[in-house]
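Structural characterization, general
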Amino acid sequence: MNIMTEQKLEQAVGASMTAKTNEVIKMQGRKVGVFYGEKQALFDVELDIRQNQVTALIGPSGCGKSTFLRCLNRMNDTIDSARVTGKITLDGEDVYDPKIDVVELRARVGMVFQKPNPFPKSIYENVAYGPKIHGLARTKADLDAIVQSSLQKAALWNEVKDRVHEPGTGLSGGQQQRLCIARAIAVAPEVILMDEPCSALDPIATAKVEELIDELKQNYTIVIVTHSMQQAARVSQRTAMFHLGYLVEEGATDKMFTNPDDKRTQDYITGRFG
Amino acid sequence: MPMTYFIAIILVIGVVAYIIGRQRAAVHTGGAVKQHSRPHYHAWWAFLLATVPALLFLIVWSVGSSVYLERHIEAQLPPQTADSAVPNRSLELGLVRSLANGLRRLDAATLDKLPATFAELQPMLVAKGVALAPDTQDYMIPVAVETNRASDGLRLTGGVIGLILSLAGAGIAVRGIQPRTRARNNVERIVLWALLGSSTIAILTTVGIVLSMLFETFHFFASVPLTNFFFGTVWDPRFAAAGAGDSAGQFGLIPLLAGTLYIALVALLVAVPIGLMSAVYMAEYASRRVRSIVKPTLELLAGIPTIVYGIFALVTLGPFLRDLSAALTGGTPFIQAQSIFTAGLVMGIMLIPVVSSLSDDIITAVPRAMRDGSLGLGATRSETIKRVILPAALPGIVGAVLLTASRAIGETMIVVLAAGVAANLTLNPFEAMTTITVKIVNQLTGDLEFNSPQTLVAFALGITLFVVTLIMNIVALYIVRKYREQYE
């Protein structure tokens, strides 16, 4: 599903000299700023999101990492007072271009939220929601197949296959979050944004979701906001550190956690502030 | 000495107890033993103990003494016979009581040499501005004097006992102030009882209303059989024949109930779609600025008295619809000036703010996470509203609609003016029909005897209406509560 045109590929590669030859830049932020009313929450963020990798956004509360994440699929549009400046591209296309339909964008860039938020419908209906809206399934059998494969990819199928018509709200917190991931996958997105997906979960459920994220990166590009250093270290290949609305530092996760360039990153990672 | 003096003195004792209690409790502050309650709790406890029992006693005493006085007067009056000057016992008691009140206006010297006949007494009372009924009898004068004496004695006794109670309460509370006294718990317990009492008042009032209607309803059903009322299809109360024993009239509920439900249905057909759509607009689409203007304006509609809507229907909308229908057919109007359609339309307009305000609250109560979840999957706003928000809010909206329906059923003034008073049984929405509420007004605003079925039927109608709206409210509350459980 992520077949890029040659031209786009070149464009994307050309845009960032930091990309290795086997790495493709999926999304790119240039001089991204966000204002909530008069207050500026994000300043000149320059960040590349690499395809089929997990990029972790870390930083203390209020540093703008969630704000940046929500720019990537224009969820900030739903907040009346929010205004975004700069440029964000998906496969080289500006996502804030008036020609881009925000609905299509969000189908390509899916999102999983901090608190599991299944709709008060059955498990099946939760997963089938996206495909139905976007007309991805022509027949009932198609839809069944999409639901099953999405639940399988989200590692939830075995637990719920006998009760897919029971309400999704009846699942445990960890199962609900995997249901939300399945729901996002069902739309066949290219990028999945996760906003602290494990913060409401217990350690066992967290481990399952992390394992899932690791598997999902085969097929999807993932951006995850997390407050847990261990989680960032475990699941991500790239890490970006935010502080007070600025991107402090970005790099390979191994390097960021062993030998960061910036003092603030080091302080944050070692738990000295934040 | 009037009772108000005693009450004032008791309150003063309470205030003094408050001040003393506060000072005594303050002495303990910072002592060796940690104080259980802060000084103002001790003070309040002293105030409450000084006032509450004493005031409660005074209330009980005055109720009890008035009952006692009534017996006392009655015992002194000559027995009631067929040729008594005053035909009715309660009327006689009333005369004595007003005479006794009149006598209080006279000064002590006059009272000492009171004339023995009412004919001589009357000018003296008139000079003091007391006008009494002319059929006050001579034998009532000594009874009235005795009544005044007895009631003065009772009042004085009660007042003194109240004062003693108050002083005792204050004394006990103030003496009881120790560092470990649990004054806070005591005060809080009394506050709790007061809160409980307040909420009980509403319940007791409801019970009282129901019971009073129920008794009158039984009287009604003593003269009209149940089946004639509930299954009768003709409403013809025969006002003219009221009082004549043989023609009780026909009291069929069906035409009224049908009219009530029909008009309410038309009103809901107007109010629910418009109200719901305006709620969706305000909750989901409107910018904050638009919302801040539109919502209060819409709620202004709810503040218009229903009689004004009724006048609007009667004077403006009804004739307009009649003329419009006449113009459409080119001659005879098919919409009558007073019709179900007119009444339903105007009532629907009145109910729009009710529906929209309730639904707006319910729609806004759907968690933001639901919207985000749907929008994050690439759903459009309208898809999100149709597929996620409205289904999630549906039980609440159904509850809101039922609450609105019970308002529509209970509405009176609009239908009185806009639907007419003719109790027809028809399916044509452009004809006049009438409702239960209109008929209640009709039956009670004549000058008929209060025990004729023509009047008593109002209570039977009232209780029917009460039961119908009660059932709707219970169903609505049940649904709303079920809805609440969903997100917890």
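Read on for an overview of the structure.

About the criteria used
- Residues numbered from 1 in each chain as written.
- Chains lettered and ligands numbered in written order.
- Predicted model: local features only at pLDDT ≥ 70, side-chain atom pairs only at ≥ 80, totals over all residues.
- Heavy atoms only, no water.
- Helix = DSSP H or I, 4+ residues; strand = E, 2+ residues; numbered from the N terminus.
- Rg over C-alpha atoms; globule rule 2.2 N^0.38 Å.
- Buried < 20%, exposed > 50% of the residue type's maximum accessible area, 1.4 Å probe, protein only.
- Contact = heavy atoms within 4.5 Å.
- Buried area = accessible area lost by both parts, 1.4 Å probe.
- Salt bridge = Lys/Arg side-chain N within 4 Å of Asp/Glu carboxyl O.
- Nonpolar A, V, L, I, M, F, W, Y, C, P; charged D, E, K, R; others polar.
- 1 Å grid on protein atoms, 1.4 Å probe; cavity = no way out; pocket = protein on both sides within 12 Å on 5 of 7 lines; lining within 4 Å.
- Points joined across faces, edges and corners; volume = space filled by probe spheres on them.

Now for the overall build of chain B. Looking only at helices and strands, chain B features 17 helices and two strands. In terms of C-alpha radius of gyration, chain B reaches 33 Å, well past the compact-globule figure of 23 Å for 488 residues. In terms of overall dimensions, chain B has a C-alpha envelope of 85 × 85 × 40 Å along the principal axes. Expressed as a percentage of the 488 residues in chain B, the buried residues total 42%. Contacts in chain B between residues far apart in sequence, at least 24 positions, make up 72% of those at least 6 positions apart.

Note on interface size: it is often stated as the accessible area lost on association of the parts. Listed as interface residues are 20 residues of chain B and, on the opposing side, 24 residues of chain A. Buried surface at the junction of chain B and chain A, both sides included, amounts to about 1800 Å², of which 60% is carbon and sulfur. A salt bridge links D372(B) to R70(A); the shortest N-O distance between them is 4.0 Å. Within the residue set of the side of chain B that touches chain A, elements represented by two or more residues are helix 13 (368-376) and helix 14 (381-410) of chain B. With eight residues, the single largest contributor to the side of chain B that touches chain A is helix 13 of chain B. When grouped by side-chain class, the residues that make up the side of chain B that touches chain A number nine nonpolar, seven polar and four charged.

Under the definition given, this model contains 29 salt bridges over all chains. For D360(B), the salt bridge goes to R291(B), with nearest N and O atoms at 3.5 Å. Placement of the pair is D360(B) in helix 12 (residues 340-365) and R291(B) in helix 10 (residues 288-303), with a sequence separation of 69 residues. Residue class for R291(B) comes out partly exposed when judged on its relative accessible area of 25%. For the salt bridge of D361(B) with K295(B), the shortest nitrogen-to-oxygen distance reads 3.9 Å. Of the two residues, D361(B) is situated in helix 12 and K295(B) in helix 10; the sequence distance between them amounts to 66 residues. D361(B) sits in the partly exposed class, given a relative accessible area of 46%. Residues joined by salt bridges that share partners form a network here, namely K26(A), D91(A), E93(A), R108(A) and E190(A).

The subject of this paragraph is the layout of surface pockets. Of the voids in this model, the largest pocket is the one considered here, and its volume is about 550 Å³. If you trace the largest pocket, you find 21 residues lining it, with T78(A), D80(A), A283(B), E284(B) and R368(B) closest to the centre. For the lining of the largest pocket, the elements supplying multiple residues, two or more each, are helix 9 (254-285), helix 10, helix 12, helix 13 and helix 14 of chain B. Of the residues in the lining of the largest pocket, the class split is eight nonpolar, five polar and eight charged. Empty space within the second largest pocket amounts to approximately 350 Å³. Around the second largest pocket sit 17 residues that line it, and S65(B), S66(B), L69(B), S151(B) and R155(B) are the ones nearest its centre.

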